[in-house]
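Below, each chain spelled out in residue letters.
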Amino acid sequence: MDEAILKMQGITKRFPGVLALDHVNITLNKGEILALVGENGAGKSTLLKILSGAYTKDEGTIEYQGQVLGVYTPKEAIDMGISIIYQELDNYGTLSVTENILVNAMPRKKGSLGPIDWNAARKRARDIIGQITDEIDVDAPVSSLTAAQQQLVEIAKAMSRNMKVLIMDEPTSALNRVETEQLIKIVKDLASHGISIIYISHRMDEIFSLSDRIQVMRDGKSVGCFQTKEVDEETIVKEMVGRTLDSMYPHVPQKPGECILKVEHLSCGKAKDISFSLHRGEILGLFGLMGAGRTSVVRGIFGDAYVREGHIEMNGTLLRNNSPQDAIRHKIAYVPNERKVEGLMLSESVCSNISISVIGRLMKHFKIDSREEKKMSDQWIKRLGIRTPSGETKVETLSGGNQQKVVIARWLETAPDILILNDPTRGIDVGAKAEIYSLMEDLCKQGMGIIMISSELQETLSMSDRILVMSEGRMAGEVTREDATQENLMKLAVGGI
């Protein structure tokens, strides 16, 4: 554990107008799990892209296995044993597990130009992935696998390349609790066999259960490195954001107002016979394991999925939300969990992303009133503290937390009475989480009703006035804030076992 396999010293990287990395130092020991933490935009991804060969450094040295490295490509990094698994998995969904694991290295008959030796390929793939799991069919297309299984295929792919250093970027962001525990066990096993791991996550429980050391970055600098067993979460958070978060979860339950939404016997997608109500000024938590049907419920309410049975009332009026446009007219807004896929136009500006939901209102003589559009977006940038050079900046360049604020701003501009948040803090740092929680609290005080789906137990417990728990598509129970504990919620979520 005290033998360094990697040393990055004085690493500096500049982009036009931005100092992304400022003389960063990092050391990784053999067989060590080093957690790399920091707010979105702290420089973590830039540092790892330099290590993986995707970017070149402007200053500094990289020493790997005792040798100082010059400029190298991502392929050369892989050949040296440095592999990276990004949050958005880099796989070929239509190809088999075997083809994904052995991409560019399929065994062939009669030399390198001969036909693929499929029997040898399958055997090799089974041998590699069999070291971490025996539950994946190497002939199955990767697109048919769960998110957790796809993560394991990416690990197996790295192992096939004589991996010595593995970099994992938010590997559990799309996994449920059971899958996360399985992945953590596999990561620990890899480290026990001498693989050195750099692990990025915003989930503090993972970092403290998994890592040997924690390296903290802030504003492009390395601000501290700690032995995990000698530090606490409060210290790490303070180092990450440069301040204490005295009230991470600010929600103070208010006396609920009148009933604003009533759902009765709703069946939609995976959800079956769901009934509940929502009141003004209330945060209603919707909890369950992945696949429990939570997203089906809110998509049905938002008109984004076919409702087979049941009905929805808002302020006593029966709704027929056959499309999201209907829901918007009824003052219902929905922030999806996959912001990059469903919530944003990544190649468009911050301004365009905020204005899209009210574009009709901005039209004058068949043209967008660009002055009014800019005024509107600038107001939201200021109100929500969206960190962007300007409203014309492409939203794909922003950090995850700021992208999420853009999505929320888009929907708040529609002046909704009901705001549905589907995993609103997924993949964002603790500072941005605290800001979103504070915004939710302010919206409740203004009389808005909020439905929140969250995969994080602590978030659900701390921010909800009531919690509805789903299991296998059905409502397993309702828990008051006073009676809500992790044990109570999980017992209902797994069907009362």
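Use the structure listed above.
Structural notes, computed from the coordinates.

Criteria and cut-off values
- Residue positions are given per chain, counted from 1 along the sequence in the order it is written.
- Only residues with pLDDT of 70 or above have their local features reported here, since the model is predicted, and side-chain atom pairs are shown and tallied only from 80 upward, although totals for entire chains, interfaces and linings are computed over all residues.
- Side-chain metrics in this entry use all non-hydrogen atoms of the structure; hydrogen atoms and water are not considered.
- At least two bridges found by DSSP between two strands is the condition for calling them paired.
- Strands here are runs of E lasting at least two residues and helices are runs of H or I lasting at least four, both read from the DSSP assignment and numbered beginning at the N terminus.
- Only the stretch in contact is used when fitting a helix axis, every axis being a line fitted to C-alpha atoms; angles between N-to-C directions are given from 0 to 180 degrees.
- Between two residues, a contact is recorded if the distance between any of their heavy atoms is within 4.5 Å.
- Definition used in this section: a nonpolar core is a set of buried Ala, Val, Leu, Ile, Met, Phe, Trp, Tyr and Cys residues joined via side-chain atoms within 4.5 Å.
- Relative accessible area decides the class of each residue, using a 1.4 Å probe on protein chains only: under 20% of the type maximum gives buried, over 50% gives exposed, and in between gives partly exposed.
- In what follows, salt bridge is the name for a side-chain nitrogen of Lys or Arg lying within 4 Å of a carboxyl oxygen of Asp or Glu.
- A pair of Phe, Tyr and Trp rings is counted when the ring centres sit within 6.5 Å of each other, with Trp represented by its six-membered ring. The angle between the planes then sorts it: under 30 degrees is stacked, over 60 is edge-to-face, the rest tilted.

**Observations regarding the sheet that holds strand E11 (residues 259-268)**
The sheet built from 4 strands is open, its strands ordered E12-E11-E14-E15 with antiparallel pairing. The sheet terminates laterally at strand E12 (271-279) and strand E15 (317-319), the two strands that pair on one side only. Here the average twist between neighbouring strands, direction ignored, is 15°. With 6 bridges connecting them, E11 and E12 associate as antiparallel partners. Pairing of Lys262 across the sheet is with Ser277, part of E12.

**Things to note about the side chain of Glu206**
Relative to the elements of secondary structure, Glu206 occurs in helix H7 (residues 204-210). Excluding anything up to four places from it in sequence, Glu206 contacts Thr172, Thr180, Ile184, Tyr199 and Ser201.

**Focus: the nonpolar core**
With 77 residues, the main nonpolar core has Leu261, Phe276, Val297, Ile301, Ile332, Leu419 and Met440 as its most contacted residues. With sequence-adjacent residues up to four places away left out, Ile332 is seen in contact with Ile301, Phe302, Met314, Leu319, Asn321, Ala327, Ile418 and Ile420. In terms of nonpolar packing, the next biggest core, distinct from the first, is built from 37 residues, Val138, Leu152, Ala191 and Ile197 among them.

**Details of the pattern of salt bridges**
Note that side chains of opposite charge can pair when their charged atoms are close. All chains considered together, the criterion is met by 22 salt bridges. The salt bridge involving Arg426 is made with Glu338; its shortest N-O contact spans 3.1 Å. Pair noted here: Arg426 is in the loop between strand E19 (418-422) and helix H15 (430-445) and Glu338 is in the loop between strand E16 (332-335) and helix H11 (339-343), with a separation of 88 residues, a long-range link. With a relative accessible area of 16%, Arg426 lands in the buried category. Residue classification places Glu338 among the partly exposed positions, given a relative accessible area of 31%. Look at the salt bridges and you will find they share partners, linking Glu258, Arg280 and Asp417 into a network.

**Digging into the environment of Leu286**
Positionally, Leu286 belongs in strand E13 (residues 283-287). The class for Leu286 is buried, based on a relative accessible area of 3%. Residues Leu286 and Ile467, spaced 181 residues apart in sequence, show a C-alpha to C-alpha distance of 5.8 Å. Those residues within four positions of Leu286 in sequence are excluded, and the remaining contacts are Arg294, Val297, Val298, Met452, Ile453, Ser454, Leu468 and Met470.

**A look at the packing of aromatic side chains**
Two measures describe an aromatic ring pair: the distance that separates the ring centres and the angle between the ring planes. Under the counting rule described, the total for this entry stands at 3 aromatic pairs. Judged by centre distance (5.6 Å) and plane angle (70°), the rings of Phe15 and Tyr55 are edge-to-face. Within this pair, whereas Phe15 is found in strand E1 (residues 4-15), its partner Tyr55 is found in the loop between helix H1 (44-51) and strand E4 (59-64), the two being separated by 40 residues in sequence. Overall, Tyr55 belongs to the partly exposed group, its relative accessible area being 28%.

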